There are 2 protein chains.
Amino acid sequence: MRHKKFPKIPEATIKRLSIYNRILNELSRDGIEVVSSARLSEISGLNAAQIRKDLTYFGEFGVRGVGYFVTHLRDNIKKILGINRQWNLIIIGAGKLGQAILSYGNLKSQGYNIVAAFDNDPSKIGTKIGAYNTPVYPLTKLKEIVRKNTVKIAILTTPAVAAHEVLTMLEEANVEGVINFAPVKLNPSKNIKISYVDLVTEFDKMVFKISSE
Amino acid sequence: MRHKKFPKIPEATIKRLSIYNRILNELSRDGIEVVSSARLSEISGLNAAQIRKDLTYFGEFGVRGVGYFVTHLRDNIKKILGINRQWNLIIIGAGKLGQAILSYGNLKSQGYNIVAAFDNDPSKIGTKIGAYNTPVYPLTKLKEIVRKNTVKIAILTTPAVAAHEVLTMLEEANVEGVINFAPVKLNPSKNIKISYVDLVTEFDKMVFKISSE
């Protein structure tokens, strides 16, 4: 396995690698071939020494007085993260947030392909939604579509009360990771990874921060 | 100030209060008047003792053998968080992600009103975008619209390379908080709060988690 060499990369480093990858993509699109750690620091707001340290850790040393080769560095980071290939995802919950994520075009250019949406609303099933006309299926089709498209990651955008039941179905379909947008903490019963994203909670935390001064 | 009584609420508690508020909203919509900590625990996946502890901390004891009164508890949590009134927000960057957030209907019902979007693309300026026909302005209008609408929070969805310049403008317009979706760490020069949300980074971290097994 390619990660054997890097057994314990902290989540904070992974997050920075993801950020470098995005910046390198932008630089590459702008036709920039070489970038210094100082310039990466300027764009990212991260410390230049930290950047150099992160990259030497992965065997990237750059060229003294020149910098890093943009596409080479980007491709290596993609390989380390496992995003050097396309990932097929599904989304459970074809409501407003689900549709918003489906319409977020940059996901595709970053290697994420949402192949199907699922909902229990009969008026949505059979329709195509979002900017990429993603088909909406009933949850009874979950196992079949996950298997057919080698889906390992599901995005969960159902209401909180439905999330636990859906999680059980995802476990039964052998999905390996869930990115949970439902405002609820999940208790996975098998070896499934859960991460949490909650826009309203982010907004609430910000309101509290600026209100409590 | 209402927060004088609770000077040091940890961010993890704030996050849970935000989650309780969302669940109580859903229960209230379903016509449920009373809820036990056991039921809140079931829905949220959080420990019932933790929930009771969080709520007594804010003076909520519930009624023994009955539970908490849903709307009463919700209204108190809203007051503590500062979301017992509507907040006017702006969004900088009318690209795909900006449009996705603008179309996320639940924000309005949670008290968040995005009054304007800003972009530097002349083909977008003057149009109305998203599910709520939010007007798009040039950044030269920023100060005026922030002042007129008492905007304290901005959502930043520009490309990474533009984010620092926009931050300076937001500081000059006396915005107090920035929820940053741009994949870049910001270095605010004044007393402005920054929080970070990055969908692709969430996806990348999940891919790494399931790839590195």
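Coordinates for the structure precede this section.
Of the residues lining the interface, 71 residues belong to chain A; the matching set on chain B comes to 71 residues. Broken down residue by residue, the surface that chain A buries against chain B is led by Phe203(A), Phe208(A) and Ile210(A), which jointly contribute 11%. At the junction of chain A and chain B, the tally comes to zero salt bridges. On inspection of chain A and its partner chain B, the count reaches 14 residue pairs in polar contact (both at pLDDT 80 or more). Sorting elements by how many residues they give to the side of chain A that touches chain B places helix 9 (residues 199–211) of chain A first, with 13 residues. Grouping the amino acids of the side of chain A that touches chain B by side-chain chemistry returns 37 nonpolar, 17 polar and 17 charged.

All names here are of chain A. The full count for this structure, using the stated rule, is ten salt bridges over all chains. Residues arginine 39 and glutamate 42 are paired through a salt bridge, measuring 2.7 Å at the closest nitrogen-oxygen approach. A residue pair is termed a helical-turn pair when its members lie 3 or 4 positions apart in one helix, as arginine 39 and glutamate 42 do in helix 2 (residues 37–44) at three residues. Note on arginine 39: relative accessible area 36%, which makes it partly exposed. In this structure, glutamate 144 engages lysine 141 in a salt bridge whose closest nitrogen and oxygen atoms are separated by 3.7 Å.

Now for the sheet that holds strand 4 (residues 112–118) of chain A. If you walk across this open sheet you meet the seven strands as 5-6-4-3-7-8-9 (chain A), and the pairing is mixed. Both outer strands of the open sheet, strand 5 (128–129) and strand 9 (193–196) of chain A, are each paired with one neighbouring strand and no more. Where strand 4 of chain A and strand 6 (residues 134–137) of chain A come together, two bridges link them in parallel fashion. Within the sheet, the bridge partner assigned to Ala117(A) lies in strand 6 of chain A and is Val136(A). The strands that helix 9 (residues 199–211) of chain B touches are strand 3 (87–92), strand 4, strand 7 (153–156), strand 8 (177–180) and strand 9 of chain A; relative to strand 9 of chain A, the one it contacts most, it runs at about 165°.

On to the packing of aromatic side chains, then. All names here are of chain A. Using the criterion set out here, one finds four aromatic pairs over all chains in the structure. Their ring planes at 40° and their centres at 5.9 Å tell us that phenylalanine 118 and tyrosine 137 sit as a pair that is tilted. Placement of phenylalanine 118 in strand 4 and of tyrosine 137 in strand 6 is noted, with a sequence separation of 19 residues between them. What makes phenylalanine 118 buried here is its relative accessible area of 0%.

Here we come to the pairing of strand 3 (residues 87–92) of chain B. Residue and element names in this part refer to chain B. Counting buried positions over the six residues of strand 3 gives six, a clear majority of the element. Neither face of strand 3 is open: one carries Trp87, Leu89 and Ile91, the other Asn88, Ile90 and Ile92, and all of them are buried. As paired strands, strand 3 and strand 4 (residues 112–118) are joined by six bridges and run parallel to one another. Considered in strand 4, the bridge of leucine 89 is made with isoleucine 114. Note that strand 3 and strand 7 (residues 153–156) share four bridges and pair parallel. By the bridge assignment, isoleucine 91 is partnered in strand 7 with isoleucine 155.

As a further point, take the relation of the copies chain A and chain B. Overlaying chain A with chain B gives an RMSD of 0.0 Å, the required rotation being 180° about an axis along which the chain moves by 0.0 Å. Interpreted geometrically, this transformation is the action of a two-fold axis. Within chain A, Ala100(A) has its C-alpha nearest the rotation axis, a separation of 2.2 Å. Here 100% of the contact residues of chain A are again contact residues in chain B; the copies associate through an equivalent surface.

Turning to the sheet that holds strand 5 (residues 128–129) of chain B, a few remarks are in order. An order of 5-6-4-3-7-8-9 (chain B) is seen for the seven strands of this open sheet, with the pairing classed as mixed. Edge positions in the sheet fall to strand 5 and strand 9 (193–196) of chain B, since each of these pairs with one other strand and no more. In the sheet, strand 7 of chain B pairs with strand 8 (residues 177–180) of chain B via four bridges, with the strands oriented parallel. The partner of Ile155(B) across the bridge, within strand 8 of chain B, is Ile179(B). Across the sheet, helix 9 of chain A lies against strand 3, strand 4, strand 7, strand 8 and strand 9 of chain B, angled at about 165° from strand 9 of chain B, the strand it touches most.

So, about the side chain of Glu26(A). With respect to the helices and strands, Glu26(A) occurs in helix 1 (residues 11–29). It turns out Glu26(A) is buried and unbridged, and the closest side chain with the opposite charge, Arg29(A), is 4.8 Å from it. A polar contact is formed between the side chain of Glu26(A) and the backbone nitrogen of Ala160(B), at a distance of 3.4 Å. Apart from residues lying up to four places away in sequence, Glu26(A) is in contact with Pro159(B), Ala160(B) and Val161(B).

Residues and elements named next belong to chain A. At a minimum axis separation of 9 Å, helix 1 and helix 4 (residues 70–81) run at an interaxial angle of 145°. Of the two elements, helix 1 crosses helix 4, and the hand of that crossing is left-handed. Side by side, helix 1 and helix 4 meet where Ile14, Leu17, Ser18, Tyr20, Asn21, Leu24, Asn25, Leu27 and Ser28 of the first sit next to Val70, Thr71, Leu73, Arg74, Ile77, Lys78, Ile80 and Leu81 of the second.

In this model, helix 9 of chain B (13 residues) spans 18 Å end to end at C-alpha, consistent with the 18 Å of a helix rising 1.5 Å per residue. Those residues of helix 9 of chain B that fall on the buried side of the exposure criterion are Leu199(B), Val200(B), Thr201(B), Glu202(B), Phe203(B), Asp204(B), Lys205(B), Met206(B), Val207(B), Phe208(B), Ile210(B) and Ser211(B).

All names here are of chain B. There is a patch of nonpolar side chains on the surface, built from Val34, Val63, Val66 and Phe69 and spanning about 300 Å² of accessible area. With respect to the helices, strands and loops of the structure, valine 63 is situated in the loop between helix 3 (48–57) and strand 2 (68–69). Its relative accessible area of 37% is what places valine 63 among the partly exposed residues.

Looking now at helix 1 (residues 11–29) of chain B. Residue and element names in this part refer to chain B. Over its 19 residues, helix 1 runs 27 Å from end to end, which matches the ideal 27 Å to within 8%, given 1.5 Å per residue. In terms of residue burial, helix 1 counts as a mostly covered element, since 14 of its 19 residues are buried. Residue glycine 31 follows helix 1 closely and has a positive phi angle near 80°.

What counts, and at which threshold
Residues numbered from 1 in each chain as written. Chains lettered and ligands numbered in written order. Predicted model: local features only at pLDDT ≥ 70, side-chain atom pairs only at ≥ 80, totals over all residues. Heavy atoms only, no water. Contact = heavy atoms within 4.5 Å. Buried area = accessible area lost by both parts, 1.4 Å probe. Salt bridge = Lys/Arg side-chain N within 4 Å of Asp/Glu carboxyl O. Polar contact = N/O pair within 3.5 Å; in protein donor to acceptor, adjacent residues only side chain to side chain. Helix = DSSP H or I, 4+ residues; strand = E, 2+ residues; numbered from the N terminus. Nonpolar A, V, L, I, M, F, W, Y, C, P; charged D, E, K, R; others polar. Buried < 20%, exposed > 50% of the residue type's maximum accessible area, 1.4 Å probe, protein only. Pairing = 2+ DSSP bridges. Axes fitted to C-alpha atoms, helices over the stretch in contact; angles between N-to-C directions. Phe/Tyr/Trp six-rings, centres within 6.5 Å; stacked < 30°, edge-to-face > 60°. Least-squares fit on C-alpha atoms with pLDDT ≥ 70 in both. Lys, Arg positive; Asp, Glu negative; His and termini not counted. Left-handed = near helix turned anticlockwise from the far one by under 90°. Expected span 1.5 Å × (residues − 1). Patch = residues over 30% accessible without salt bridge, like charges linked within 9 Å, V, L, I, M, F, W, Y side chains within 5 Å. Areas by Shrake-Rupley, 256 points an atom, 1.4 Å probe, with all protein chains shown as cover.

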